[in-house]
Amino acid sequence: TESQCLAKAKCIITPLPKQNLFGSGHFSEGPPALPISLKVLVKMANIDEDFYSRQLYVLGHEAMHRMGTANVLIAGIRGLGVEIAKNVILSGVKSVTVQDEGVTLWTDLSSQFFLNESSIGQNRAQASLRHLSALNPHVQLSSHTGPLDQDLLMQFQVVVLTDSSLDDQKRFGDFCHSKGIKFIVADTKGLCGQLFCDFGEAFEVLDQDGEAPESALIQKISQGNPGVVVCSDDQRHGFQDGSRVIFSEVQGMTELNSLGPVEIKERGSYSFSIGDTSTFSKYERGGIVTEVKQPCTIHFKALSETLTLDPELLITNDFGKIDRHKTLHLAFQALHEFVKNQQRLPRPHSQADADIILDTVKELNKEVKLERLDEAAVKQFSFTAQGELAPVNAFIGGLAAQEVIKACSRKFTPLKQWFYFDSLECLPEEDIHVEDGLFNGTRYDGQIAVFGSKFQEKLGRQKYFLVGAGAIGCELLKNFALIGLGAGEEGHVTVTDMDYIERSNLNRQFLFRSHDIGKPKSEVAARAVKAMNPEMNITAHQNRLASESEQVYDYHFFSGLDGAAAALDNVEARAYLDSRCVEHKKPMLEGGTLGSKGHTLVVVPHLTESYGPAKSSSKKEIPLCTLKNFPHRIEHTLQWARDQFEGLYKHTPENVMMYLRDNNFMSRTLGRGDVEALQIFSEVWGSLVDLSSGGSRPRNWEDCVHWARLKWETLFNNDIRQLLYCFPPMSHGLPFWSGTKRCPHPLTFNPGNVTHMDYIVAAANLYGQTYGISGSTDRAMIRGLLDRVPVPQFTPQSLTIPVTDEEMEESESDEADKEKLEELTQQLSSPSLKASIMEMLPVDFEKDNDSNFHMDYITAASNLRAENYDIPAVDRHESKRIAGRIIPAIATTTAAVSGLMCLELYKLLQGHQSITSYRTAFVNLAVMYFVMSLPSRAKPFTVSCICTMVYLRYTRVESLDAVYPSCEAVEH
């Protein structure tokens, strides 16, 4: 309906007043109104939120809608092309056409995961189409087996070239630039990769980084030139120099509330300056300052204009390789010249071919004039150019697909304009010799061209343990299958994951399909990669890696491993796996993602620092008094709503079940202290006694509605009136409600208010579920039942309400009402009460089931409490992210991170013992920010006994026992 569509569009920005009271350019008019029609709103409302759940938290609905209108052409569907296609299809564009004139070769199987032995001789695009079409039912797929031409390119908004000649890149690049078609070139050769973007003369980016706008509460504002704004000290304001902000709810200096975005200058973590406020009214109290995201326009050059290399158009990713990547810009051009002349790629590890390419690089440099050429890198580039490596394709493919998303959505800052990557450290320290005769028509020929056959045999003998078969786990298993990890007679991969497949997984865990929903992730993933590479030796478990599974993953299990990989979504599990690897001196690969951000870490025994023990969360815990009485952010109201859900529908029913089943429940609860015992006994007694007898146990559906209506009145009216009675707006002449304490107001129930009824429907149905009573969503019928609910008059009482957590802790130590506690104890001890009660059903929170009323309750309860405190409400989708603690995720970042992890795996198998060979990575694909750094060295520790000795962390109990066989410290 129109109202539902408009509800989806709450986030749309409306024009701000055109005012510039400062007269100095500090304030500007607000962003233009967005002309979004009802037709567009319908499309936004129709986005499949279940399928795109985690990606929506990265891109947002508007960006997803823009992507849903884009047609994308991906030319070349070998290993890199299929990686890009997979990620773009999962992202949800309108259509993807894959183009390739070539037929499948054995070398393609080294990295093209949708081809197999039966595809040999078939057209690559047609052979891959069926698998690509199964990735996303919302995207139209087609193939084109003819050559590229301008008529074909005119049908698309984005064109991606892979496996293309430089002549084609220049010719089609110039054409796309002139026609406003976004143009991307991606290429990989062995251990090196290249990426180029041209989004036209003037490309508008609507959101440069994708981060949520910052906001802060105001503590004071000075009258001066410039005016200084001081924010509350509960958290840093997060603004930067040049940020533009708007003000709201400011009392006193109300002129700020009507101004457009103000440019600020940061003065510290809690203050910033604005324009001249000397003529404004004096600031009194209150106010919120909120960042306004500003669009920007980026100007691109055509590829043919950038070949001479402007350093400003080269994005650096490893500051130790700046000269190398400038050299690679010339090396790729030299390689194209070689292929044009020789009609082939350089032979693996051929010095003669490398010399030809190096001479061409030197010739090109006469015009570019690089100060230093990395000639060794050119040699290694030529030696390995015939290689097809899945990890390199995964990394470059993830980046290229992210650029396609930027081109379609206008969200995030695109690459401007060249990016080079290499992982030449993966090569062995000594030279290897690979001859053409070694290519015997195997699926690993593309990898043997780089590393040789002996290394391939070593890969096949590996025994690895993968923990997690989610997004990163699927990508790692795909890479393992392609590179042949554990695919030899002696090799093996064990994967464990305790989770089952849900629909929200399908958007980024690409090994799963809709018919797999409800099945174990590890089993389905293992079966899928076995189909990719039938030589894989893989076993799937459904165990949680923790102390309780040490009988399975014991000393003998870890002793038999060559290494482990962590594809986990929590710090505690990573730290536990790390501790087991440290204990058994096994290397570990670790990676994680958060939206467009990702990181990788390699742990090498005796060389690098381990992941280490789980650290306390960097996020500041919300004070209990803030949750209970003084919320000022939507995160506070959502946590409060989640706590309400857990208390009403989980903890109380669980206590009732323990009371009914456990004869020691009463004595054990009394042992927890009188205050806690009184609270638990009150909840249990209320749950067992009918409404008509003063309890809260329903007999039928009407009683559930009755209970929900009284609960609404308690939470959103009575409790607020009680709070205002204890803390009037003005106390002793001073405003109590200031700073982070927002003055609330009680709500009056209105059955015509959608949010009011949302709460009643969800609360009543959930309450009925705990008692086995069938509910209803018939709002007309529910309104009729509400008319018959008598709502008692509320009279505030003289109470002491804690203002701080310290006061709250002190109040908990106060004596409980012993008389009431004794009365409840006697009542609950009655055998007749137990005998007459049926069991309750606790409700476990599940955020991804839209029919279970869980998120309906939390969204409604949070937004009603937000209304109490004049906090801006958020929709169900954002409520789900915050309350469900959802980690935003997108397939592009996952692919890139898995590629980097597997490159570190190559280095481990090479046996590198120089820390300079390894890399720890942090990437942010939203802004093309990369930090590739050396891992930290293993830290020594000291053991004091008869004498003092220093050991690396990997020197464990067994070696200490050898030094100190009678030392008590060995135990510890």
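Since the structure is predicted, the reported quantities are computational estimates derived from the model, not experimental observations.

The rules behind each value
- Residues numbered from 1 in each chain as written.
- Predicted model: local features only at pLDDT ≥ 70, side-chain atom pairs only at ≥ 80, totals over all residues.
- Heavy atoms only, no water.
- Helix = DSSP H or I, 4+ residues; strand = E, 2+ residues; numbered from the N terminus.
- Buried < 20%, exposed > 50% of the residue type's maximum accessible area, 1.4 Å probe, protein only.
- Contact = heavy atoms within 4.5 Å.
- Areas by Shrake-Rupley, 256 points an atom, 1.4 Å probe, with all protein chains shown as cover.
- Core = buried A, V, L, I, M, F, W, Y, C linked by side-chain atoms within 4.5 Å.
- Pairing = 2+ DSSP bridges.
- Axes fitted to C-alpha atoms, helices over the stretch in contact; angles between N-to-C directions.
- Parallel < 35°, antiparallel > 145°, perpendicular 65-115°, else oblique.
- Left-handed = near helix turned anticlockwise from the far one by under 90°.
- Nonpolar A, V, L, I, M, F, W, Y, C, P; charged D, E, K, R; others polar.
- 1 Å grid on protein atoms, 1.4 Å probe; cavity = no way out; pocket = protein on both sides within 12 Å on 5 of 7 lines; lining within 4 Å.
- Points joined across faces, edges and corners; volume = space filled by probe spheres on them.
- Phe/Tyr/Trp six-rings, centres within 6.5 Å; stacked < 30°, edge-to-face > 60°.
- Lys NZ or Arg CZ within 6 Å of the ring centre and 35° of its normal.
- Patch = residues over 30% accessible without salt bridge, like charges linked within 9 Å, V, L, I, M, F, W, Y side chains within 5 Å.
- Salt bridge = Lys/Arg side-chain N within 4 Å of Asp/Glu carboxyl O.
- Polar contact = N/O pair within 3.5 Å; in protein donor to acceptor, adjacent residues only side chain to side chain.
- pLDDT = per-residue confidence, 0-100.
- Expected span 1.5 Å × (residues − 1).

1. What to know about the overall build of the protein
Helix and strand counts for the protein stand at 32 helices and 29 strands. Counting all 972 residues of the protein, 54% fall into the buried class. Taking the contacts inside the protein whose residues are at least 6 apart along the sequence as the reference set, 73% of them involve residues at least 24 apart. Element-wise, carbon and sulfur atoms account for 49% of the exposed surface of the protein, whose accessible area totals about 41600 Å².

2. As for the nonpolar core
The biggest cluster of nonpolar side chains holds 158 residues, and the ones touching the most others in it are V96, L132, L191, F395, F419, L477 and F480. I680, W737, A764 and L786 belong to the second-largest nonpolar core, a separate cluster that totals 68 residues.

3. Overview of the pairing of strand β5 (residues 182-189)
Across the eight residues of β5, eight count as buried, placing the element largely inside the fold. Here β5 shows two buried faces, one formed by K182, I184, A186 and T188 and the other by F183, V185, D187 and K189. Pairing of strand β4 (residues 158-162) with β5 involves five bridges; the strand directions are parallel. The residue of β5 that forms the bridge with V159 is F183. Two strands pair when backbone bridges link them, and β5 and strand β6 (residues 192-198) are joined in this way by seven bridges, in the antiparallel orientation. Each residue of the ladder has a partner; that of K189, found in β6, is C192.

4. A look at the packing of helix α20 (residues 634-661) against helix α23 (residues 701-726)
The interhelical angle for the contact between α20 and α23, taken along N-to-C directions, is 140°, at an axis separation of 14 Å. When the axis of α20 is compared with that of α23, the two are oblique. Relative to α23, the crossing made by α20 is right-handed. Seen from α20, the contacting residues are W640, Q644, L648 and Y649; seen from α23, they are W707, K711, L715 and F716. Its residues assigned to classes, the contact of α20 with α23 comprises six nonpolar, one polar and one charged.

5. A word on empty space enclosed by the protein
To find the voids left in a structure, one rolls a probe of water-molecule size over its atoms. This model, assessed by the stated rule, comprises two cavities of 30 Å³ or more. When its volume is computed, the largest cavity comes out at roughly 120 Å³. Contributing to the lining of the largest cavity are 16 residues, with F421, L900, E904, R919 and M932 lying nearest its centre. Broken down by secondary-structure element, the contributors of at least two residues to the lining of the largest cavity are β17 (418-422), α31 (891-910) and β26 (920-924). It is α31 that provides the largest number of residues to the lining of the largest cavity, a total of four residues. Looking at the lining of the largest cavity residue by residue, the class counts come to five nonpolar, four polar and seven charged. What the second largest cavity holds in volume is close to 30 Å³. Surrounding the second largest cavity, L166, Q169, Q194, L307, H329, Q333, W418 and Y420 form its lining.

6. Focus: the packing of aromatic side chains
Aromatic rings considered in pairs are described by the distance between their centres and by the relative angle of their planes. Scanning all chains against the criterion turns up 43 aromatic pairs. A ring pair is formed by F716 and Y759, whose centres lie 5.4 Å apart and whose planes are at 90°; its orientation type is edge-to-face. You can see F716 sitting in helix α23 and its partner Y759 sitting in helix α24 (residues 754-770), a full 43 residues away along the chain. Take Y759: its relative accessible area is 0%, and that puts it in the buried class. The structure contains a cluster of three or more aromatic residues connected by ring pairs, namely W640, F645, Y649, W707, W712, F716, F749, Y759, Y767, Y771, F845 and Y857. The ring of F510 carries K86 above its face, with NZ or CZ at 4.8 Å from the centroid. Seen from the ring of F630, K741 lies directly overhead, with NZ or CZ sitting 5.5 Å from the centre.

7. A few points about a nonpolar patch on the surface
Side chains of F922, V927 and Y929 sit close together on the surface and give an oily, nonpolar patch of about 250 Å² of accessible area. Along the polypeptide, F922 turns up in strand β26. Residue F922 is classed as partly exposed on the basis of its relative accessible area of 32%.

8. Comments concerning the side chain of K86
One can find K86 in helix α5 (residues 79-91). For K86, a relative accessible area of 0% corresponds to the buried category. One polar contact links K86 to E83, side chain to side chain, over a distance of 2.5 Å.

9. Thoughts on the confidence of the model for the protein
Confidence in the prediction of the protein, expressed as mean pLDDT, is 87, and 89% of residues score 70 or more. Counting contacts from residues 1-43, a segment whose pLDDT is below 50, to residues more than four positions away or on other chains yields 62 contacts.

10. Some details on the pairing of strand β14 (residues 288-291)
Looking at chain direction, strand β8 (residues 215-221) and β14 are connected through three bridges and run antiparallel. Within β14, the position partnered with L217 by the bridge is I288. Judged from the four bridges that link them, strand β10 (residues 244-248) and β14 form a sheet pairing that is antiparallel. For S248, the partnering residue across the bridge sits in β14 and is I288.

11. Description of α5
For α5, built from 13 residues, the straight-helix expectation of 18 Å at 1.5 Å per residue is met to within 8% by its first-to-last C-alpha distance of 19 Å. Most of α5 sits out of view: 13 of its 13 residues are buried.

12. A few points about the sheet that holds strand β23 (residues 597-603)
Sheet architecture is open: eight strands sit in the order β20-β19-β18-β21-β22-β23-β26-β27, paired in mixed fashion. Whereas interior strands pair on both sides, the edge strands pair on one side only; in this sheet they are β20 (538-541) and β27 (929-933). For this sheet, the mean angle separating the axes of adjacent strands, direction not counted, is 10°. Together, β18 (463-467), β19 (492-496), β20, β21 (563-566) and β22 (588-594) form the strand contacts of helix α15 (residues 471-483), whose direction differs from that of β18 by roughly 160°. Packing of α31 onto the sheet brings it into contact with β18, β21, β22, β23, β26 and β27, and relative to β22 it is tilted by some 165°.

13. Some points on unusual backbone geometry
At the junction of N225 and P226, the peptide bond is cis and its omega measures out at 5° in the coordinates. Structurally, the position occupied by P226 is in the loop between β8 and β9 (228-231). Going from K416 to Q417, the amide bond is cis rather than trans, its omega being -10°. Mapped onto the elements, Q417 comes out in the loop between α12 (390-409) and β17.

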